[in-house]
Structures are given as C-alpha cells and as structure tokens.
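Per-entry structural report
Okay, here's what each chain looks like letter by letter:
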Amino acid sequence: MDIVLAATVVTIALAIAFDFTNGFHDAANATSTAIASRSLSPYKAVILATVFNFLPAFVVGTAVANTVAKVVDLTEVQRISEGAVPYGIRVVLAALIGAILWNLITWHRGLPSSSSHALIGGLVGAGLGAGGTAIVNWESVRNIAIALVASPTIALAIAALAMLAIRGVQRVFRLHEDHVVFQGGQIVSTAWVSWAHGANDAQKTMGVVAAVLISGGYLGIGANGDIAVPMWVVIGAYGAIALGTLYGGWAIIGMLGLKVTRITRASGLAANIGAVATILGATDRGIPISTTQTVSGSIIGSGIGARSAINRRVVGSMVVAWVLTAPAAGLIGFAMFELTTLPRIAADIAVVAAIGAVVAYAAYLARHAVTEKDIEEELPSEEALEI
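Here's a quick rundown of the structure. Quantities reported herein were computed from a predicted structural model and do not represent experimental measurements.

All right, on to the packing of helix α6 (residues 115-131) against helix α7 (residues 138-173) then. It is at 12 Å that the axes of α6 and α7 come closest, and there the two elements cross at 155°. With respect to α7, the element α6 is oriented roughly antiparallel. Between α6 and α7 the crossing geometry is left-handed. Listed contacts from α7 to Ser-116, His-117, Ile-120, Val-124 and Leu-128 of α6 are Trp-138, Val-141, Ile-144 and Leu-148. Taken together, the residues that form the contact of α6 with α7 break down as 7 nonpolar, 2 polar and no charged.

Next up on the list: the packing of α6 against helix α13 (residues 312-340). At a minimum axis distance of 6 Å, the contact between α6 and α13 shows a crossing angle of 40°. Seen along the crossing, α6 lies across α13 with a hand that is right-handed. Contact residues: His-117, Ala-118, Gly-121, Gly-122, Gly-125, Ala-126, Leu-128, Gly-129 and Ala-130 in α6; Trp-322, Thr-325, Ala-326, Ala-329, Gly-330, Gly-333, Phe-334, Phe-337 and Glu-338 in α13. A per-class count over the contact of α6 with α13 returns 9 nonpolar, 8 polar and 1 charged.

By size, the foremost hydrophobic cluster in this structure holds 107 residues, and its most contacted members are Val-71, Leu-96, Leu-123, Met-206, Val-208 and Val-260. Ranked by residues supplied to this core, first place goes to helix α5 (residues 87-108) with 14 residues. Apart from residues lying up to four places away in sequence, Val-208 is in contact with Ala-15, Val-68, Val-92, Leu-96, Leu-119 and Leu-123.

Now for the environment of Met-336. Within the fold, Met-336 resides in helix α13. Sequence spacing of Met-336 and Leu-96 is 240 residues, and the spatial spacing of their C-alpha atoms is 9.7 Å.

A few words now on the packing of aromatic side chains. In total, this model carries 7 aromatic pairs according to the counting rule given. Seen from their ring centres, Phe-20 and Tyr-247 are 6.0 Å apart, and the 50° between their planes marks the pair as tilted. Taken together, the residues span a long stretch of sequence, with Phe-20 in helix α1 (residues 3-25) and Tyr-247 in helix α9 (residues 231-247) at a distance of 227 residues. Look at Phe-20 and you get partly exposed, because its relative accessible area is 29%. For Tyr-247, a relative accessible area of 37% translates into the label partly exposed. Each ring, one from Tyr-87 and one from Phe-337, has its centre 5.3 Å from the other, and the planes form 85°; the classification is edge-to-face. Here the residue Tyr-87 occupies a position in helix α5, and Phe-337 occupies one in helix α13, the gap between them amounting to 250 residues. You'll find Tyr-87 and Phe-337 in the same group, each marked buried. Site record: aromatic cluster; members linked through ring pairs are Phe-20, Phe-24, Trp-107 and Tyr-247.

Procedures and definitions
- Residues numbered from 1 in each chain as written.
- Predicted model: local features only at pLDDT ≥ 70, side-chain atom pairs only at ≥ 80, totals over all residues.
- Heavy atoms only, no water.
- Axes fitted to C-alpha atoms, helices over the stretch in contact; angles between N-to-C directions.
- Helix = DSSP H or I, 4+ residues; strand = E, 2+ residues; numbered from the N terminus.
- Parallel < 35°, antiparallel > 145°, perpendicular 65-115°, else oblique.
- Left-handed = near helix turned anticlockwise from the far one by under 90°.
- Contact = heavy atoms within 4.5 Å.
- Nonpolar A, V, L, I, M, F, W, Y, C, P; charged D, E, K, R; others polar.
- Core = buried A, V, L, I, M, F, W, Y, C linked by side-chain atoms within 4.5 Å.
- Buried < 20%, exposed > 50% of the residue type's maximum accessible area, 1.4 Å probe, protein only.
- Phe/Tyr/Trp six-rings, centres within 6.5 Å; stacked < 30°, edge-to-face > 60°.

Pasting the structure below:
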C-alpha cells in the first residue's frame, strides 16, 4: 500500500470515528425531551433515534456535504513532491483529530457543545496552517457562522410560539401536561428530530471524506463545481452516526433533558417542533448548522413559552462551551497540521502518537461514562410531570 492510499484510509477511518462521536455526543438532540417527560424510556428513545438517524441516507441529497467539502479550497494548498501525502489529506486529518478530541472533552463534562463548530473550526485551523488565509473559503465560513449563530435563536422563537399554541389547545380541550395526545406527538416528533439530525450532521462527515478522496486523486469535481459523493460514503456516514446514537451520550442527555428547564410532554413537543423546523429548513438549503445548539435553543424556547424557570447557570456553561468550541478545535487542528510537516519519520511518529493518545483518552472516558441507569434514577415521577 503506497503512502497516499494509507493516509487516505487512516483519514477516512478518523472521519467515521468523528461521525460516531457526533452520534453519541448529539444523541441528546432527539432523545432528551422524550426521556425527560417519560414519553419514552431511555432505551426505546435511543433505539428510535438510531433508526431515524440512518433512514435519510436513502432520501436526502448531499447539498450540506458539498458545502462542508469546500470550507477549505484544497486545490490551492501547497504542491508537494510525487508520492508524498497531499496537504489536503493532512488538513482533513488534523481537523478531525481536533474535532474528535473536543467532542470527547465536552462529552465527558456533559456539555452539549457543537460537533459542527468543532469540525469547521478544525478545518479552518488546519487550513490556515497549510496555506494561510488564502485557501480558506471565507464566504462559506461566514455563511456557516451566520447559520450556526442564527439557528438556536430561530429554534427558540419557533418553540416558544409552538408552546403558546399548545397552551391554547390545552385550554380549549382541557388537556393536562402529561396527556396521551402530547405523548404521541412527542414520540412522532422525536423520530422527526432524529431524521433531521441525521440528514444534516451525517453529511458533514460525507463532506470531509469527499475532500479527502479529492485530495488523494480518487474523486473528481463535476463541471458545475458539485461533488458526487459515492454511495459507500453516504452509507458509511449515516451508519456511523446511527451507531454513535445507539451508544448514547447519557451525560449530555441528562444535561439537556433535566437541567436546562422543566420539560413535560406538552413542552417537549413544542421543543421538538422548533428543532425540526429549523434543522430541516437549513438542510434543504444545504446549510450545515449546529443541531446541538438548535435543540438547546428550542428547549429554552419551550421553557420560556411555558413560563418555566430557566437554569441560567447551566445555560451559561453551555454558551461558554459554544464560544470556545471552534477556536479550541481550530488550535488543535493547526497544531496537528504542523506536526504533519515534520520530517517524514518524525511526522509519522507524531501523528500515530496523537491518534493513539486520543483513542486511549476515549477508552478511559468510556469506562467512567454516565449510564442509562444513572439517567433513569434522575427522572421526575409521573405525578411531578402532571402538575
């Protein structure tokens, strides 16, 4: 196996690993409200989310993947000698290590930070290391940044309005917070949020894999500038994020579902409506947004609409994590890229050591992770939800 092919395989494996961390890091996006309101048991909620995370693979296009693949113009990076690993592959490898490491850190602390921020930040940081500001597609970065900031605000507003509408339905039909109608609506909307999450987030991994294949010379760009993502990449990306969801990021599920605001079946339905409307709207336009921030915004919005107390300390810690994510992943990506430019043997040793350290850290965290049983013990009683 030549060095370019080997580097391509390793980087694609890292992309799949990132997608897996995205799945368990963001499992709370779809499941937290249904679990918190006892509409579904933790196990059933995660199974439902896993299935609907994967199903968009056969329906949704690749517009978001094309956007992500073009964040850094890999055709403009420095040319290197024949047989050496292209800088484009090094950029993606470095970005993925930065994004994975930040996902692990925030997952361990139960902070719902943005995997999208981490990936885009890592790409920009590594891209700056490879070719400076000239190779970063700043228009694309600007549009993504605007969407990443706007999406939680839009979701918050939609969820708050949905909650007000639900309150009107409750008054007319005399339905309590825990009514079976809201339970059914929450189960359906949980599946819908899972679909939306898979449709947007899996495409980000598809985009970086496509970028790697292009850099290695294994995939071309169409005459119209679009990238035809191979079906094996599509299935791999959706499969990885679904398996990550199945693993379950219980600490973040507990944070979003139990510590931001009081969630009932009625308010949980409103939160899901806000999240679905925002995520699918962005996906249809090929815009990669943060589904984590979107869902967080919608949960806060449903709490505002229901006039429930919002835990400002928790929200504050979430905002700090959001602000730090892109710069932190970018710095790691930049540093990792610089390691790949060391003399051949030194670079190989440094990269293998970095990947090994991340794997060891992930294994350590997995042994000390919050479990499904821990979350079940924190859930409010049925009587408390009816009040």
